[in-house]
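# Residue-level structure breakdown
Residue strings, one per chain:
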Amino acid sequence: VAHEWFHVLQEHFGYATTYSTGTDNVPRWLYEGSAEWAAWNAAVRFGIVSQAYVGAQMRRLASMVSVPLKVLVTREGIDRASPGIVGTYRLSYWAVDYLGATPQKLLKFYQRLGEGMAFQQAAKRIFGRAIDSEFYKDFEEFRARGFYGS
């Protein structure tokens, strides 16, 4: 429920997609990963699960994905990647976590998009870095370390 609720917030604040074409104004992994991250963060904050449990589950399921994160930029990329959304959403969770997500940063990011700020400008302003080839390279190194370290 929290995952879908976060999608409502994203769309309210400025996420845009054209479902007929699959065109998004942010990478699809960021859209799904933000919702996944927010949902699990809420579960930890409410004492439903521990952060250790979340980390273990996310590592296990994300490790099943064989494609690089940059393949998950589109909805089609997520849909075609094996083992489907079970793994790709968890990999996307890690990418959002790697960006330095907090609930406040995620909300501000989508608010800035709604105000008309360009995606890369909003990413730099809120997360402190562009989501570019350097980010994808750094993330794949983080992934190779089993999602440990920064």
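This structure is a prediction, so every number in the text was calculated from the model and none was measured. (Residues numbered from 1 in each chain as written. Predicted model: local features only at pLDDT ≥ 70, side-chain atom pairs only at ≥ 80, totals over all residues. Heavy atoms only, no water.)

Moving on, we come to the environment of alanine 42. Here alanine 42 is to be found in helix H2 (residues 28–45). Look at alanine 42 and you get partly exposed, because its relative accessible area is 22%. The sequence separation of alanine 42 and proline 103 amounts to 61 residues, and the corresponding C-alpha distance is 9.2 Å. (Helix = DSSP H or I, 4+ residues; strand = E, 2+ residues; numbered from the N terminus. Buried < 20%, exposed > 50% of the residue type's maximum accessible area, 1.4 Å probe, protein only.)

Attention now goes to the environment of glutamate 115. With respect to the element layout, glutamate 115 can be found in the loop between helix H6 (103–114) and helix H7 (119–127). For glutamate 115, a relative accessible area of 58% corresponds to the exposed category. In this structure the C-alpha to C-alpha distance between glutamate 115 and asparagine 25, which are 90 residues apart in sequence, comes to 13 Å.

What follows is about the pattern of salt bridges. Enumeration according to the criterion identifies 9 salt bridges in this entry. A salt bridge links glutamate 32 to arginine 28, with the nearest nitrogen and oxygen atoms 3.6 Å apart. Here glutamate 32 and its partner arginine 28 are both found in helix H2, 4 residues apart, which amounts to about one turn of the helix. Residues glutamate 32 and arginine 28 agree in their burial class; the two are buried. In this structure, lysine 137 and glutamate 134 form a salt bridge, with 3.9 Å as the shortest nitrogen-oxygen distance. (Salt bridge = Lys/Arg side-chain N within 4 Å of Asp/Glu carboxyl O.)

So, about the side chain of glutamine 10. Looking at where glutamine 10 falls in the secondary structure, it is placed in helix H1 (residues 2–13). For glutamine 10, the side chain forms a polar contact with the main-chain oxygen of tyrosine 31, separated by 3.0 Å. (Polar contact = N/O pair within 3.5 Å; in protein donor to acceptor, adjacent residues only side chain to side chain.)

The next thing to look at is the packing of aromatic side chains. Taken as a whole, this structure holds 18 aromatic pairs when the rule is applied. Consider the rings of phenylalanine 109 and tyrosine 110, whose centres lie 5.0 Å apart with planes at 85°: the pair is edge-to-face. For phenylalanine 109, a relative accessible area of 0% corresponds to the buried category. Its relative accessible area of 1% is what places tyrosine 110 among the buried residues. Plain terms: the ring middles of phenylalanine 139 and phenylalanine 147 are 6.4 Å apart, the flat faces sit at 50° to each other, and that makes the pair tilted. The pair formed by phenylalanine 139 and phenylalanine 147 is uniform in burial state, with each residue classed as buried. Through a chain of ring-to-ring contacts, three or more aromatic side chains come together here, namely Trp29, Tyr93, Trp94, Tyr98, Phe135, Tyr136, Phe139, Phe142 and Phe147. (Phe/Tyr/Trp six-rings, centres within 6.5 Å; stacked < 30°, edge-to-face > 60°.)

On to the layout of surface pockets, then. Roughly 190 Å³ of internal volume is contained in the largest pocket. Taken together, Ala2, Trp5, Phe6, Leu9, Trp37, Ala38, Asn41, Ala42, Arg45, Pro103, Leu106 and Leu107 form the lining of the largest pocket. Those elements that provide at least two residues to the lining of the largest pocket are H1, H2 and H6. Broken down by class, the residue content of the lining of the largest pocket amounts to 10 nonpolar, 1 polar and 1 charged. (1 Å grid on protein atoms, 1.4 Å probe; cavity = no way out; pocket = protein on both sides within 12 Å on 5 of 7 lines; lining within 4 Å. Points joined across faces, edges and corners; volume = space filled by probe spheres on them. Nonpolar A, V, L, I, M, F, W, Y, C, P; charged D, E, K, R; others polar.)

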